[in-house]
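Each chain, written out:
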Amino acid sequence: MSGRAVPAIEARGVGVTLGGRRVLADVTLSAAPGQWVAVIGPNGAGKSTLLRAVAGLVPREGEVLVGGTAVDDLRPRRRARLIAYAPQSPALPPDMTVYDYALLGRTPYVPYLGSESAEDREVTRSVLERLDLGGFASRRLGHLSGGERQRVVLARALAQQAPVLLLDEPTTALDLGHQQQVLELVDRLRLADGLTVVTTLHDLSLAGQYADALVLIAAGRAVAAGPPARVLAEPLLTEHFGASVRVEAGADGRPLVHLVRPPASPAPSAEES
Amino acid sequence: MVTRTPAAAPAPEAARRARKRRGEPGGDVMKPTRLRGRALLVAFAVLAASLAVGLMAGAAGISPRAIALALLDRLPLVSVHSGLAPVEEGLLFQLRVPRVLLAAVVGGLLATAGAGYQGVFRNPLADPYLLGAAAGAGLTVTLVVVFLGGDAGVTAVPVAAFAGAVGGVFLAYALGHTAGRGGGTATLVLAGVAVTSFLTAIQTFVQQLKVDELQRIYSWILGDVGGGWEQLRMIAPYAVVSTIAMLLHGRLLDVLSVGDEEAVSLGLHAARVRFGVLLAASLATASAVAVSGLIAFVGIVVPHVIRRLAGWSYRIVLPLSFLGGAAFLVLADTIARTVLAPAELPIGVVTAFVGAPFFVTVLRVTRRVGT
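Let us look at the structure shown here. As the structure is a prediction and not an experimental result, all values here were calculated from the model. (Residues numbered from 1 in each chain as written. Chains lettered and ligands numbered in written order. Predicted model: local features only at pLDDT ≥ 70, side-chain atom pairs only at ≥ 80, totals over all residues.)

**A closer look at the pairing of strand β3 (residues 36-40) of chain A**
Residue and element names in this part refer to chain A.
Point 1. Judged by how many residues are buried, β3 sits mostly within the fold: five of five residues are covered.
Point 2. Of the two faces of β3, both are covered, the one formed by W36, A38 and I40 as well as the one formed by V37 and V39.
Point 3. Direction of pairing for β3 relative to strand β8 (residues 196-200): parallel, over a ladder of four bridges. In the strand pairing of β8, A38 is matched with T199.
Point 4. Pairing of β3 with strand β9 (residues 213-218), which is carried by four bridges, proceeds in the parallel orientation. Residue pairing across strands places I40 opposite L216, the latter belonging to β9. (Buried ≥ 20, exposed ≤ 12 C-beta atoms within 10 Å, placed from the backbone. Helix = DSSP H or I, 4+ residues; strand = E, 2+ residues; numbered from the N terminus. Pairing = 2+ DSSP bridges.)

Spelled out as structure tokens, the structure:
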């Protein structure tokens, strides 16, 4: 895709006020088709709110365009066929089966008072097979591990067959191995299907490893955006996270962020978890 | 430090083989959870059995065989001799049959409405009675009986009951919403209890103003399904419309069960679905209350048992609740009119006797699960 292609998803001048508090102001974000954009920032900066605003889940100012069309002009069902959203901690009814949950992703294709078609069931089946959840189909959500749960949520989002995937902290509450598995999976699916992925990620190194571009949000504003090497700069991170860090280039040239103990008590650099 | 792995790990494939070795189900079980024919058949059988028990139990001592023959005789193209005396036949068809049918319809409506409210509020303890719907309907019906009286009252009763039911639910919901933001299960129920007590207090005040109507109102409040064919005809259209409306919303309630925000992200108008089901459930409650008075706990007990036995999906819970609720109330009514025979116990006493301990159990279990 050339850089001049119409962005798959674009947010212009997005502002959100929740309960009288200004949570986001004038944030701009853009992802080319097939790109992975990660939204980073300190706790409470408004990362999740930005994603929810783009997904149309909170009232917002500004414009959100998907494939060049303003989402406000789209009917909700049409929008849901273009943008899939997975929240940070999704409600997983414990008795629902994995298959039934993934099938919910077909909701935008099912007539209001109708029921799922054979095609809906087929899409769901193939998505589950693809995420290697075939053997879990009849398992109840309450009986899944954290990593399995995250994959099931991903399956539901993929069943939506939307070209744009918004994932809010897909690695929350996962150990290192499962974090890597989930992100590798997202990356594989993105490359295979040409999906555009926008995630929030609190782990800066992970964001630097996986995303093509980063947007750094601090106090409700986008303070930096661009390729990881530019956004993950020591002065920026020190200023907005209030952390003492060292950034070095990894083997593939992508930046790795290390936490460093402040100089008062010198110690070997600790790895950020 | 997590870094990108050069190639995707082959772990999933190995995991699949491991699962196969352990004999866990594979891809062939990818079927949606739906109402199965067998479950439906069982529910119909249970209902049929309870209807039979309801028809046979009674003071007059008519033999089951004669009842069966008399019913057969009523079928088109069938003519058999039941051997019943005209008086017995009158008793059977003017009193017992409509009574059993009315109990079935009221039970079905209350249980389905309970399931509907539970889906709308994502709360297993929502119930037409506890939510204030029944008390709201009770108050408006009392007002109509007391102030309109006579014939005008009879036609106005369903309308008044509906307005009262919707008003009661709205009050409880608004109160629960403002009182406990994110308070969850218990807050809504507490609000419902408060609304119910308040509306019942007003109702008591009104009925004391008109002591001459007291007997009539009082027997209505305690619950009674002896209204006969006339009342059955009166609520039939409301019962049919509200039940069909609720059954049509099964899939949408399933989507709502993952939360409003996700439902919206799936392109669903969550607020519209809630509103639709809320209206249908309140109409069902209102039609039940209009003919039977206040009968508690059917709306909690029945859907909960169905969920345990047949599955979580509202596409299962709603239809089976109707059949199960019908069977439950027919049996409750049978107990109510036989246990102290020839005196009759109010049916609400029987359902409360079964339902209250059950309610406590449900509350304990949901508390433990933390929903």
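**Details of helix α4 (residues 86-121) of chain B**
All names here are of chain B.
Point 1. Relative to the 52 Å expected for 36 residues at 1.5 Å per residue, α4 spans 51 Å between its end C-alpha atoms, a close match to the ideal helical length.
Point 2. Taken as a whole, α4 carries its principal kink of about 30° at L92.
Point 3. R122, located one to two residues past α4, shows a positive phi value of around 45°. (Expected span 1.5 Å × (residues − 1). Bend = angle between axes of the 7 residues up to and from the residue.)

**A look at the packing of helix α9 (residues 228-248) of chain B against helix α12 (residues 270-292) of chain B**
Residue and element names in this part refer to chain B.
Point 1. It is the contact of α9 with α12, at a shortest axis distance of 9 Å, that shows an interaxial angle of 160°. Put simply, α9 runs roughly antiparallel to α12. By crossing handedness, the relation of α9 to α12 is classed as left-handed. Contact residues: α9 offers Q231, M234, I235, Y238, A239, V241, S242, T243, A245 and M246, while α12 offers V277, A280, A281, L283, A284, S287, A290 and V291.
Point 2. Class assignment for the residues of the contact of α9 with α12 results in 14 nonpolar, four polar and no charged. (Axes fitted to C-alpha atoms, helices over the stretch in contact; angles between N-to-C directions. Parallel < 35°, antiparallel > 145°, perpendicular 65-115°, else oblique. Left-handed = near helix turned anticlockwise from the far one by under 90°. Contact = placed C-beta atoms within 7 Å. Nonpolar A, V, L, I, M, F, W, Y, C, P; charged D, E, K, R; others polar.)

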